[in-house]
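Each chain, written out:
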Amino acid sequence: MNSPVTIWRDHKNLHNYLNKIGRVIVWTKILVPPTGFEHEAPYLVGIIQFSRERRPLQIVDCDEKDLKLNQKVITVIRKIGKAKSEDVIEYGVKVKPI
Amino acid sequence: MNKIIKVAGTGLTKFGELWNQSLYDLAKEASLEAIRESGLTINQIEATFVANMIHGKLSGQDHLGALVASSLGLKGASFRIEGACASGGLAVHLAIQSLLAGTYKNVLVVGVEKMTDVPTADIATALMGAGSEIERKAGLTFPALYALMAKAHMQKYGTTRKHMANVSIKNHYHASLNEKAQFPYEVTMEKVLESPIISTPFTLFDASPISDGAAAVVLSSQMRSFASSSVEDGGKGVYITGSAVATDTVDLASRKSLLEIAATKDASQKALKQAGVEIKDIKVAEVHDCFTIAEILAMEDLGFCSKGRGGEFVEKGTTKLGGRMPVNTSGGLKACGHPVAATGIKQIIEVTHQLQKRAGKRQVMGANIGLTHNVGGTGGTVVVHILQS
């Protein structure tokens with residue numbers, strides 16, 4: 001996971017990415033996760049097309065069976081990975097269907 | 001580039017879970033074999049190029065250029081080169097530049113990786129160092145990134161799971177003929193499709209394995225002087241006549257298209273032009289099949305078949321031994337194994353052996369021009385080499 005100062009710096013920019021509406025152009029369900037994401041597996045990650053850019057983001061509050069191509073989604077703030085008891089909790093941008 | 005850069009010697013360890021050998025044992029075994037085969041003495045090797053991606057991250061040990069060189073008794077210049085899974089190809093490219101510049105005449109290039117000493121999740125995390133920060137924060141892994149490319153290809157061109165499984169089946173067949181391969185056995189369509197899912201649509205058998213291993217080549221300049229162009233050696237040697245690197249964004253989502261690896265096109269066109277040959281002249285190729293879709297993309301992006309037809313191209317048997325254009329006769333990354341920084345150099349060795357007619361049961365008849373294709377990340381770095389006998 002990132003250092004506390006890196007998390008502090010990144011958190012200052014989070015508001016720039018909130019309430020953005022995009023659409024899912026492709027997605028995958030990850031069953032073998034990297035370190036720090038074990039508790040979330042399986043989880044969905046998609047490439048999201050926004051008006052000016054594409055970003056890879058986790059898709060939350062959604063079952064894969066309900067997801068469809070070009071699904072409209074909105075950005076939300078959620079925890080990133082799992083912090084240990086004395087770590088700074090990192091938040092980041094994910095998307096949920098609308 | 002004329003016949004200036006000669007592959008003077010090759011050395012390759014077994015690939016696999018090699019728990020009784022350290023990184024240094026592996027590097028030494030491959031390097032000494034390559035030097036012995038070159039007919040040179042240790043003192044004639046003027047520089048060592050060591051390709052390695054993740055040893056520092058896994059073990060805490062960096063400074064590998066000097067460590068590997070000194071373990072061989074080499075005292076000349078030494079360098080460590082990192083370019084994700086293209087580290088080996090990059091090291092060969094840089095070694096060639098040093099020879100073309102006339103700085104050295106004989107150099108050792110060794111790629112080595114020790115990956116099976118740590119848990120799989122740690123390797124997945126370490127390998128994601130080759131991805132972007134935004135990809136890591138999304139919880140992506142390399143199987144997942146290539147799975148996204150596979151799904152985009154399926155959506156656009158109708159590529160199927162069976163098309164991709166055919167890559168795995170073909171490369172396992174080739175590996176069954178290669179005693180150095182990590183998985184020297186064949187697999188069936190059912191085995192590939194029914195193995196555990198790692199990231200949809202990929203199953204375990206769509207992915208290259210975690211491997212230990214080392215590969216080394218001695219490269220020699222055949223220049224008589226800086227102004228000379230080439231020398232003849234009776235047609236016995238194998239020469240690298242094209243060597244090119246191309247770069248793209250590290251972040252997959254920022255690319256213009258998810259349906260291709262644009263850097264493959266750029267690097268291959270440059271390398272072919274340097275060699276003065278066309279893609280139709282290539283008789284054998286080792287391409288970067290880290291995942292099954294990657295070989296399908298490589299077939300299209302290198303120009304062996306048209307865009308969107310890579311799945312059918314493999315399905316027809318064109319790329320199998322005995323087919324018109326054998327690809328990954330070593331077994332590829334999928335079945336020969338993928339000790340990441342060794343891969344680009346192993347590809348050079350396989351094609352060299354094919355052109356020297358010493359590939360045994362895997363020999364491609366009439367092979368005189370070959371290509372290697374080594375990819376870092378999802379295509380942020382691509383290295384292509386052309387070899388000729």
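A. The packing of helix α7 (residues 142-157) of chain B against helix α11 (residues 292-302) of chain B, seen in detail. Residue and element names in this part refer to chain B. At a minimum axis separation of 9 Å, α7 and α11 run at an interaxial angle of 60 degrees. In terms of their interaxial angle, α7 and α11 are classed as oblique. Two packed elements cross with a definite hand, and for α7 against α11 that hand is left-handed. Together, Tyr146, Met149, Ala150 and His153 of α7 and Ile293, Ala294, Ile296, Leu297 and Glu300 of α11 make up the contact between the two elements. Considered class by class, the residues forming the contact of α7 with α11 number seven nonpolar, one polar and one charged.

B. Fine view of the interface of chain A and chain B. On the side of chain B, 30 residues touch chain A, which itself brings 27 residues to the contact. Roughly 2200 Å² is buried in total at the junction of chain A and chain B, and carbon and sulfur atoms are behind 59% of that figure. Where chain A packs against chain B, one counts two salt bridges. Among the ionic pairs, A:Asp10 bridges to B:Lys137, the shortest N-O distance being 2.7 Å. At the boundary of chain A and chain B, one finds 14 residue pairs in polar contact (both at pLDDT 80 or more).

C. Up close: the pattern of salt bridges. For the structure on display, the rule yields 22 salt bridges over all chains. With a shortest N-O distance of 3.8 Å, A:Asp63 and A:Lys65 are connected by a salt bridge. Here B:Glu260 and B:Lys265 are joined by a salt bridge, their closest N and O atoms 2.7 Å apart. In this structure, a network of salt bridges that share partners links the residues A:Asp10, A:Glu90, B:Glu133 and B:Lys137.

D. Focus on the confidence of the model for chain B. Confidence along chain B averages 95 in pLDDT terms, with 96% of residues attaining 70 or more. Reported for the predicted complex are a pTM of 0.95 and an ipTM of 0.96.

E. Region of interest: the side chain of B:Ser221. Mapped onto the secondary structure, B:Ser221 falls in strand β7 (residues 212-221). In contact with B:Ser221, not counting residues within four places along its chain, are B:Ile4, B:Leu99, B:Tyr104 and B:Lys105.

The rules behind these values
Residues numbered from 1 in each chain as written. Chains lettered and ligands numbered in written order. Predicted model: local features only at pLDDT ≥ 70, side-chain atom pairs only at ≥ 80, totals over all residues. Heavy atoms only, no water. Axes fitted to C-alpha atoms, helices over the stretch in contact; angles between N-to-C directions. Helix = DSSP H or I, 4+ residues; strand = E, 2+ residues; numbered from the N terminus. Parallel < 35°, antiparallel > 145°, perpendicular 65-115°, else oblique. Left-handed = near helix turned anticlockwise from the far one by under 90°. Contact = heavy atoms within 4.5 Å. Nonpolar A, V, L, I, M, F, W, Y, C, P; charged D, E, K, R; others polar. Buried area = accessible area lost by both parts, 1.4 Å probe. Salt bridge = Lys/Arg side-chain N within 4 Å of Asp/Glu carboxyl O. Polar contact = N/O pair within 3.5 Å; in protein donor to acceptor, adjacent residues only side chain to side chain. pLDDT = per-residue confidence, 0-100.

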